[in-house]
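# Fold and contact review
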Amino acid sequence: MFRHAVSWGLALALAAMFLHLTLHPWPNPVPGEVKFFDPPGQHTVFATLAEKSGITLFEPAGRFVAGILELVAAILILLPFSRRFGAVIAVIIFGAGLALHLSPWLGRELVLANGSADGGTHFLAVVILLALSLLLLVVHPGRPRTSRVLTPAQYWRQA
């Protein structure tokens, strides 16, 4: 029972963060923080990646692909039978985000639109969400599996 409750709590938290980052920002969003509603070239992370790497596909195409993957992961995480698969997608998304933050292209501190640095809060959020995704993989209860080998007759009787 405890594992189910923790699994649901983690799933709801991750889905809420995915929705916040892609579709529905919390009140008074910071410009450059919402993937689907920022004007082209205005998203802080992807504009920085495109500028420093020279790869123009990061903005806006990479931003939309990342947003779609995040929405798919949110839907899969909310459904109990596909929660592990959604958590794997979330681990891949946040692992890629962590790798980009550790690369020279993005860095641990982002320069915001007003010229100030974020103090590493975006990097910290990626690390926390990666940890929550990994924890969801561990905590979510799986189906009980048989450890014995079934004969074909036993298999068909069981099915």
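Just so we're clear, the structure is a prediction, and the values are computed from it rather than from any experiment.

## Points about the overall build of the protein
- For the protein, the count of helices and strands is 6 helices and 0 strands.
- Each helix (α) and strand (β) of the protein, taken in turn from the N terminus, gives the series α-α-α-α-α-α.
- By the burial criterion, 38% of the 159 residues in the protein qualify as buried.
- Summed over all atoms, the accessible surface of the protein reaches about 9,800 Å², with 71% contributed by carbon and sulfur.
- Positive and negative charge centroids in the protein, built from 11 and 7 side chains respectively, lie 27 Å apart.

## Considerations on the pattern of salt bridges
- Scanning all chains against the criterion turns up 2 salt bridges.
- Across the salt bridge formed by Glu-70 and Lys-35, the nearest N and O atoms sit 3.2 Å from each other. You can see Glu-70 sitting in helix H3 (residues 61-78) and its partner Lys-35 sitting in the loop between helix H1 (2-22) and helix H2 (44-53), a full 35 residues away along the chain.
- In this structure, Arg-63 engages Glu-59 in a salt bridge whose closest nitrogen and oxygen atoms are separated by 3.0 Å. As far as burial versus exposure is concerned, Arg-63 and Glu-59 are alike and both buried.

## Section: the environment of Glu-51
- Among the secondary structure elements, Glu-51 is positioned in helix H2.
- Separated by 55 residues in the primary sequence, Glu-51 and Leu-106 have C-alpha atoms spaced 9.7 Å apart.

## A few points about the packing of aromatic side chains
- The full count for this structure, using the stated rule, is 3 aromatic pairs.
- Taking 5.4 Å as the distance between ring centres and 5 degrees as the angle between the ring planes, the aromatic pair formed by Phe-18 and Phe-94 counts as stacked. Placement of the pair is Phe-18 in helix H1 and Phe-94 in helix H4 (residues 83-102), with a sequence separation of 76 residues.
- For the pair Phe-58 and Trp-105, a centre-to-centre distance of 6.1 Å together with 70 degrees between the ring planes defines the contact as edge-to-face. Separated by 47 residues along the polypeptide, Phe-58 in the loop between H2 and H3 and Trp-105 in the loop between H4 and helix H5 (121-139) bring together distant segments of the chain.
- Overall, Phe-58 belongs to the buried group, its relative accessible area being 17%.
- Residue classification places Trp-105 among the partly exposed residues on the basis of a relative accessible area of 32%.
- If you follow Arg-63 out to its NZ or CZ, it ends over the ring of Phe-64, 5.0 Å from the centre.
- The ring of Trp-8 has Arg-83 sitting right over it, with the charged end atom 4.1 Å from the ring centre.

Reading the values: rules and limits
- Residues numbered from 1 in each chain as written.
- Predicted model: local features only at pLDDT ≥ 70, side-chain atom pairs only at ≥ 80, totals over all residues.
- Heavy atoms only, no water.
- Helix = DSSP H or I, 4+ residues; strand = E, 2+ residues; numbered from the N terminus.
- Buried < 20%, exposed > 50% of the residue type's maximum accessible area, 1.4 Å probe, protein only.
- Areas by Shrake-Rupley, 256 points an atom, 1.4 Å probe, with all protein chains shown as cover.
- Lys, Arg positive; Asp, Glu negative; His and termini not counted.
- Charge placed at Lys NZ, Arg CZ, Asp CG, Glu CD.
- Salt bridge = Lys/Arg side-chain N within 4 Å of Asp/Glu carboxyl O.
- Phe/Tyr/Trp six-rings, centres within 6.5 Å; stacked < 30°, edge-to-face > 60°.
- Lys NZ or Arg CZ within 6 Å of the ring centre and 35° of its normal.

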